[in-house]
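# Structural features, examined
Take a look at the letters that make up each chain.
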Amino acid sequence: MRRLVNTVEETQALAQKLAQSVQPGDTILLNGDLGAGKTTFTQGFARQLGITRPLKSPTFTLVREYQTTNFPLYHLDVYRLGEEGGAEDLGLEEYFGRDGVALIEWPEFIASILPKDVLSINLVRVAGDDSNLQREITVEASGPRSQELVQAMES
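Residues numbered from 1 in each chain as written. Predicted model: local features only at pLDDT ≥ 70, side-chain atom pairs only at ≥ 80, totals over all residues. Heavy atoms only, no water.

## Re the packing of aromatic side chains
What counts here: Note on ring pairs: Phe, Tyr and Trp rings are taken, using the six-membered ring of Trp, and paired if centres are within 6.5 Å. Classes follow the plane angle, with under 30 degrees stacked, over 60 edge-to-face and the rest tilted. Helical segments are the DSSP runs of H or I of at least four residues, strand segments are the runs of E of at least two, and each set is numbered from the N terminus. Partly exposed describes any residue whose relative accessible area lies between the buried limit of under 20% and the exposed limit of over 50%, with all areas from a 1.4 Å probe on protein chains only and scaled to the type maximum.
Within this structure, the stated rule accounts for 4 aromatic pairs. With a centroid separation of 4.8 Å and 65° between ring planes, the pair formed by tyrosine 74 and tyrosine 95 is classed as edge-to-face. With tyrosine 74 in strand 4 (residues 72–77) and tyrosine 95 in the loop between strand 4 and strand 5 (101–105), this pair connects stretches of sequence that are 21 residues apart. What makes tyrosine 74 buried here is its relative accessible area of 6%. Between the aromatic rings of tyrosine 79 and phenylalanine 109, the centroid separation amounts to 6.3 Å while the plane-to-plane angle is 65°, which identifies the pairing as edge-to-face.

Right under this line is the structure:
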């Protein structure tokens with residue numbers, strides 16, 4: 001699935017559509033350069049789940065946990081791990097495939113511990129600056145559950 005978005009609101013609307021279909025155990029990867037819209041996407045996603053407190057990227061803590069009505073939302077930003085890795089020693093895999101939904105920024109730094117069935121959201125700045133937020137968002141599934149999520153977003 002591929003979409004071109006022109007505003008923060010359009011990015012968040014797409015995230016909200018996804019949030020309507022998630023369930024505990026889902027893992028969503030957010031890929032993109034700095035400023036691509038990963039945290040903006042996460043904010044719309046969280047708002048749809050009823051999270052009202054401010055949501056910011058957990059760069060220095062690695063994981064922030066938010067409680068929804070039905071499950072916890074785990075927001076991970078593993079940029080700090082960089083290419084050196086070390087994720088295997090941190091126990092981050094405990095956040096995947098269990099009682100909550102995991103949203104992961106910079107997943108390439110923990111690729112070795114990610115589950116097989118994940119939904120990848122790729123955000124790329126197409127043109128413009130911060131006042132013109134045109135982005136291309138590509139959504140890819142790697143297994144049966146993530147394919148269900150793509151289908152729900154397309155409907």
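## Details of the environment of asparagine 31
Worth spelling out the cut-off: When checking whether two residues touch, look at their non-hydrogen atoms; a contact exists if any pair is within 4.5 Å. What qualifies as a polar contact is a pair of N or O atoms within 3.5 Å, subject to a donor-acceptor requirement within protein and to the restriction that residues adjacent in sequence count only when both atoms come from side chains.
Position of asparagine 31 relative to the elements: it lies in strand 2 (residues 27–31). On a C-alpha basis, the gap between asparagine 31 and isoleucine 104 in space is 8.5 Å, while along the polypeptide they are 73 residues apart. Filtering out sequence-adjacent residues up to four positions away, asparagine 31 remains in contact with Lys38, Pro107, Glu108, Ser120, Ile121, Asn122 and Leu123. Here the side chain of asparagine 31 touches asparagine 122 through a polar contact of 2.9 Å, side chain to side chain.

## Considering the side chain of glutamine 12
Tracing the sequence through the fold places glutamine 12 in helix 1 (residues 8–19). We classify glutamine 12 as buried; its relative accessible area is 10%. Look past the residues within four positions of glutamine 12 in its chain and what remains in contact with it is Thr40, Gln43, Gly44 and Arg47.

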